[in-house]
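Now for the letters of each chain:
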Amino acid sequence: MALAASRPRLVELSLGGYAAIITVTALARIPLSQGNRLIALAHALMVLLAFLITRPGLGEFGRTLRDITPLAILLGLYGSLDVLNGSGSGPTYDHLLLGWEQRLFGMQPARDWWRLHPSGFWSAAFHTVYLTYYPLVAIPALVLVLRTRRGAFRRFLQAVIPTFLACYLFFVFLPVAGPYYVFEHPTGDFVANLPARLTYLVLSGGSSFGAAFPSSHVAATVAAWLATRRDAPRLARAMLPFVLLMPVATVYCQMHYALDAIVGVGFGLLVPLLARRFETADLDAG
């Protein structure tokens, strides 16, 4: 008797579709960076992998691999954005954001806010909040993957991964460098604290050019919080203060434009809510 086909989940469809788009885009951008040859090859293999992990008859190990593969793939996508955007040699749309912010706020919040109200205390506090982006996404994933019910972890991925991918498509096709690249970095007492130094150390080794709008820091933490509320409500309550402060931190610390943060909140709320419309019993199976 033939094995029943395994229905692709939204996460797999999202990754496969994103990888197909980036494969074609990377091939078109080879003149911008020769590294796009490898980017195209890697994303083409992702399309194949997205197909293979949905084959019938995977077995227990195969089903476990299917669950964790999307998260493993996601970890490698951010670095490719820098190559796709020519590591700073490609065009950006910062002028649009700068113009919109000036008209909306009468100033440049990312540049002027901390200068008008410099505070070593708030700098340390908000740089700390900025750094919590990593545990805010990683800890719920770890907690939920250790749960006996697979559905909780799958629901988390279904909310968070499409949110990341939606942001990444903007980074590729509407790249915005952001205030980290456009304005002079803060100096003096404002960054004379350990959280600020750690933040700049992390960014110096892992920042991708053109990945500012919308803020994936904000979008991903909001999406992670939404996804955690259902299956780990106590953890979600502990996350909430940091999630609420993340948009403020990204602007006050001059990492994102205010519109990056505002639109990031919108992505973090809207994409998971849309993703829930595709939720199926398969998320709780196995």
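The shown structure was predicted, so the numbers you read here are calculated from the model rather than taken from an experiment. Residue positions are given per chain, counting from 1 as you read along its sequence in written order. pLDDT decides what is reported in this predicted model: residues at 70 or higher carry local features, side-chain atom pairs at 80 or more are listed and counted, and totals for whole chains, interfaces and linings draw on all residues regardless. Note: side-chain values were computed over all heavy atoms of the structure, leaving out hydrogens and water.

*Asks:* Please give an account of the overall build of the chain that cites residues and values.
*Replies:* In this text, helices come from DSSP runs of H or I with a minimum length of four residues, and strands from runs of E with a minimum of two, each type numbered from the N-terminal end. Within the chain, the regular secondary structure consists of 13 helices and zero strands. Secondary structure elements of the chain occur, N-terminal to C-terminal, as α-α-α-α-α-α-α-α-α-α-α-α-α. Accessibility here uses a 1.4 Å probe with only protein chains present; expressed as a share of the type maximum, an area under 20% marks a residue as buried, one over 50% as exposed, and anything in between as partly exposed. Scored against the burial criterion, the 286 residues of the chain give a buried share of 51%. For the chain, restricting intrachain contacts to residue pairs at least 6 apart in sequence, the fraction spanning at least 24 positions comes to 87%. All accessible areas in this document rest on Shrake-Rupley with a 1.4 Å probe, and a residue is counted as covered only by the protein chains that are shown. Accessible area for the chain stands at about 13,600 Å²; split by element, carbon and sulfur atoms hold 69% of it. Distance between charge centres in the chain, computed from 22 positive and 14 negative side chains, equals 8 Å. Contacts between residues were defined by any pair of non-hydrogen atoms, one from each residue, lying within 4.5 Å. In this count, Lys and Arg are taken as positive residues and Asp and Glu as negative ones, while His and the chain termini are left out. Every charge is mapped onto a representative atom, which is NZ of Lys, CZ of Arg, CG of Asp or CD of Glu.

*Asks:* Hey, could you go over unusual backbone geometry for me, with residue numbers and the actual values?
*Replies:* Each neighbour pair has its own omega, and for Phe213 with Pro214 the value is -10 degrees, a cis peptide bond. The residue Ser87 is not glycine, and still its phi comes out positive at about 50 degrees. Mapping Ser87 onto the fold places it in the loop between helix H3 (59-84) and helix H4 (94-105). Here the phi dihedral of Gln254 falls at roughly 60 degrees; this positive angle occurs in a residue that is not glycine. Relative to the elements of secondary structure, Gln254 occurs in the loop between helix H12 (233-252) and helix H13 (258-276).

*Asks:* Lay out the pattern of salt bridges in plain terms, naming residues and giving numbers.
*Replies:* A side chain with one charge may pair with a side chain of the opposite charge, provided their charged atoms come close. By definition, a salt bridge exists where a carboxyl oxygen of Asp or Glu is found within 4 Å of a side-chain nitrogen of Lys or Arg. For the structure shown, the criterion picks out three salt bridges. For Arg111, the salt bridge identified is with Asp112, shortest N-O distance 2.8 Å. The exposure class of Arg111 is partly exposed, given its relative accessible area of 27%.

*Asks:* Tell me about the packing of aromatic side chains, residues and numbers included.
*Replies:* Under the pairing criterion, centres of Phe, Tyr and Trp rings, with the six-membered ring standing for Trp, must be within 6.5 Å; the plane angle then separates stacked pairs below 30 degrees from edge-to-face pairs above 60, leaving the rest tilted. For the structure on display, the rule yields 17 aromatic pairs. Ring plane angle 80 degrees and centroid distance 5.0 Å describe the contact between Phe121 and Trp122, whose orientation is recorded as edge-to-face. Ring geometry for Phe170 against Phe213: centres 6.0 Å apart, planes inclined by 65 degrees, an arrangement best described as edge-to-face. Taken together, the residues Phe170 in helix H8 (residues 150-173) and Phe213 in the loop between helix H10 (194-206) and helix H11 (216-231) connect sequence positions 43 residues apart. The class for Phe213 is buried, based on a relative accessible area of 9%. One aromatic cluster is present, built from ring pairs that chain together Trp113, Trp114, Phe121, Trp122, Phe126, Phe190 and Tyr252. The side chain of Arg111 reaches across the aromatic face of Phe183, ending 5.4 Å from its centre. Over a ring means this: the NZ of a Lys or the CZ of an Arg is within 6 Å of the ring centre and within 35 degrees of the ring normal.

*Asks:* Break down helix H1 (residues 10-28) for me, citing the residues and quoting the values.
*Replies:* To estimate how far a helix should reach, multiply one less than its number of residues by 1.5 Å. Between its first and last C-alpha atoms H1 spans 27 Å; for 19 residues at 1.5 Å apiece the expected length is 27 Å, and the two agree. Turning to H1, its buried residues number three or more, namely Leu10, Val11, Glu12, Ser14, Leu15, Gly16, Tyr18, Ala19, Ile22, Thr23, Thr25 and Ala26.

*Asks:* Quick rundown of the environment of Phe171? Include the residues and the values.
*Replies:* Among the structural elements, Phe171 can be located in helix H8. Through-space distance from the C-alpha of Phe171 to that of Phe209 is 8.7 Å; in sequence the pair is 38 residues apart. For Phe171, the contacting residues outside a window of four places in its chain are Leu81, Asn85, Gly210, Ala211, Ala212, Phe213, Pro214 and Ser216.

*Asks:* Please provide a residue-by-residue account of the nonpolar core, values included.
*Replies:* Tyr18, Leu77, Phe156, Phe164 and Tyr168 are the most contacted members of the largest nonpolar core, which has 65 residues in total. Sorting elements by how many residues they give to this core places H8 first, with 13 residues. With near-sequence residues (within four places) excluded, Tyr18 lies in contact with His43, Leu77, Leu81, Leu165, Tyr168, Leu169 and Val172. The nonpolar core is taken to be a set of buried Ala, Val, Leu, Ile, Met, Phe, Trp, Tyr and Cys residues, with the residues joined through side-chain atoms within 4.5 Å. Ranked by size, the runner-up nonpolar core spans eight residues in total, among them Ala110, Phe183, Ala212 and Leu259.

*Asks:* Please set out the packing of helix H7 (residues 133-145) against H8 residue by residue, giving values where relevant.
*Replies:* The angle between two axes is taken between their N-to-C directions and runs from 0 to 180 degrees, where each axis is a line fitted to C-alpha atoms and a helix contributes only its stretch in contact. Across the interface, H7 lies against H8 with an axial gap of 8 Å and an inter-helix angle of 150 degrees. One finds that H7 runs roughly antiparallel with respect to H8. In the crossing of H7 with H8, the sense of the turn from one axis to the other is left-handed. Packed against H7, whose contacting residues are Tyr133, Val137, Pro140, Ala141, Leu144 and Val145, the element H8 presents Ala152, Phe153, Phe156 and Phe164 at the interface. Amino acid classes used here: Ala, Val, Leu, Ile, Met, Phe, Trp, Tyr, Cys and Pro are nonpolar; Asp, Glu, Lys and Arg are charged; the rest, including Gly, are polar. Grouping the amino acids of the contact of H7 with H8 by side-chain chemistry returns ten nonpolar, no polar and no charged. Reported orientations rely on four angle classes, namely roughly parallel under 35 degrees, roughly antiparallel over 145, roughly perpendicular from 65 to 115, and oblique for the rest. Crossings are assigned a handedness: left-handed for a near helix turned anticlockwise from the far helix by less than a right angle, right-handed for a clockwise turn.

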